[in-house]
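# Understanding the architecture of this molecule
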Amino acid sequence: MIKNVIILAAAAAIGVAGVGLVDCHWHFSEAKKGNVMALMAVAEHSGEFEKIMQLSERYNGLVLPCLGVHPVQELPSEDQRSVTSKDLEVALPIIGHYKDQLLAIGEVGLDFTPRFAGTDEQKEEQRQVLIKQVQLAKRLNLPLNVHSRSAGRPSINLLHEQAETCKTVAFIFYMLRNRFACTRTSTTSAK
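All values reported here derive from a predicted model rather than from experimental measurement.

### Observations concerning the side chain of Q126
- Tracing the backbone shows Q126 in helix α5 (residues 120-140).
- Apart from residues lying up to four places away in sequence, Q126 is in contact with P71, S82, V83, G109, L110, D111, F112 and A117.

Here it is as structure tokens:
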């Protein structure tokens, strides 16, 4: 219930009003059948950003854009692989361009499935990419849509560490299946 209130509050912040559901990990065919009033469209890599923003413009108020770099990259020219800092470098200017239109930074996170992150170096690179996206979300005052697979404790620990680095912001974490939603509130209003 609290998760739904937070998502509805985030949706209201960008102009979605009314009573209904907000799908925080959208599947269009299911949403159409279920009386969903808004869909969060989450990105996995920078190649999807423009398509998501076009959908958001075409279905204004229905498709709510979230741009971020997923820990597992599946690009048209290659197989799935662990994210690299270069993936984030390509994405950051595009995110910056659309920052005022975003509902959240996402889908970001950690995925330590051995076929994607089989080495300590790959896991550390995923951590560094996630840290930079958490810091970006803080700067832009946006929530995160966080993916975690085979990395539950490392994800929670990293997010907790990052929350402690900001004295004026409190993070509230909720677990939904293998996803963590994160919202920001000022410490003066969080009790």
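Picking up where we left off.
### Digging into the pairing of strand β2 (residues 36-42)
- Across the seven residues of β2, seven count as buried, placing the element largely inside the fold.
- Inspection of the sheet shows β2 paired to strand β3 (residues 63-66) by four bridges, in the parallel sense. Bridge pairing in β3 links A41 to P65.
- The parallel pair β2 and β3 is bridged by helix α3 (residues 49-58), and the resulting crossover is right-handed.

### A short note on the packing of aromatic side chains
- According to the stated counting rule, one finds zero aromatic pairs in the structure shown.
- In this arrangement the basic side chain of K123 is found over the ring face of F112, its NZ or CZ atom lying 5.5 Å from the centre.

### Notes on unusual backbone geometry
- Between G106 and E107 the backbone carries a cis peptide bond, its omega angle lying at 10°.
- Turning to its location among the elements, E107 is positioned in strand β6 (residues 105-111).
- Positive phi, normally seen in glycine, also occurs at N141, with a value near 60°.
- By the element assignment, N141 lies in the loop between α5 and β7 (144-149).
- The exposed category is assigned to N141, whose relative accessible area is 54%.
- Even without being a glycine, S150 presents a positive backbone phi close to 55°.
- By relative accessible area, which is 54% here, S150 ends up exposed.

### Considerations on the pattern of salt bridges
- Inspection of the entire model under this criterion finds four salt bridges.
- Of the charged contacts in the structure, one is a salt bridge between D87 and R81, with a shortest N-O distance of 2.8 Å.
- Among the residues examined, D87 registers a relative accessible area of 12% and is labelled buried.
- Looking at R81, the relative accessible area reads 22%, which means it is partly exposed.

### Remarks on the nonpolar core
- The biggest cluster of nonpolar side chains holds 31 residues, and the ones touching the most others in it are L67, I95, L102, I105 and L144.
- Of all the secondary-structure elements, those providing two or more residues to this core are α3, α4 (85-98), β6, α5, β7 and α6 (152-164).
- Take this core: its biggest share by element is six residues, from α5.
- If we skip the residues at most four places from it in the chain, L67 touches A43, F49, I52, M53, I95, Y98, L102, A104, I105 and G106.
- M37, V42, L103 and A104 belong to the second largest nonpolar core, which has eight residues in total.

### Remarks on the packing of α4 against α5
- Where α4 meets α5, the axes come as close as 10 Å, and the angle between the chain directions of the two elements is 15°. Taken together, the axes of α4 and α5 lie roughly parallel to each other. Pair α4 / α5 crosses with right-handed handedness. Contact residues: α4 offers S85, L88, L92 and I95, while α5 offers E125, V129, K132, Q133, L136 and L140.

### A closer look at the pairing of β7
- Burial analysis of β7 places five of its six residues in the buried class, which makes it a mostly covered element.
- Following the backbone out of β6, through α5 and into the adjacent parallel β7, one traces a crossover that is right-handed.

What counts and what doesn't
Throughout, a residue's number is its position along its own chain's written sequence, starting from 1. The model is predicted, so local features are restricted to residues of pLDDT at least 70 and side-chain atom pairs to those at 80 or more, both for listing and for counting; the totals for chains, interfaces and linings are taken over all residues. Working from all heavy atoms in the structure, the side-chain values ignore hydrogens and water. Where helices and strands are cited, they refer to DSSP runs of H or I of at least four residues and of E of at least two residues respectively, numbered from the N terminus. The contact criterion used is simple: two residues touch if any of their non-hydrogen atoms lie within 4.5 Å. The buried label goes to any residue with under 20% of its type's maximum accessible area, the exposed label to any with over 50%, and the partly exposed label to all in between, with areas taken from a 1.4 Å probe on protein chains only. Strands were regarded as paired on the criterion that DSSP finds at least two bridges between them. Consider the strands pointing away from the viewer: the crossover is right-handed when the path from the first strand over the helix to the second runs clockwise. Centres within 6.5 Å are what make two rings of Phe, Tyr or Trp a pair, Trp counting through its six-membered ring; a difference in plane orientation under 30 degrees is then read as stacked, over 60 as edge-to-face, and the rest as tilted. For a lysine, the NZ atom is tested; for an arginine, the CZ atom; a charge sits over a ring if that atom is within 6 Å of the ring centre and within 35 degrees of the ring normal. By definition, a salt bridge exists where a carboxyl oxygen of Asp or Glu is found within 4 Å of a side-chain nitrogen of Lys or Arg. As used here, the term nonpolar core means buried Ala, Val, Leu, Ile, Met, Phe, Trp, Tyr and Cys residues forming a set that is joined through side-chain atoms within 4.5 Å. Axis definition: a line fitted to C-alpha atoms, limited for helices to the stretch in contact. Angles are taken between N-to-C directions and run from 0 to 180 degrees. When describing relative orientation, an angle under 35 degrees is termed roughly parallel and one over 145 degrees roughly antiparallel, while 65 to 115 degrees is termed roughly perpendicular and anything else oblique. If you view the pair so one helix is near and one far, a crossing is left-handed when the near helix is turned anticlockwise from the far one by less than a right angle, and right-handed when it is turned clockwise.

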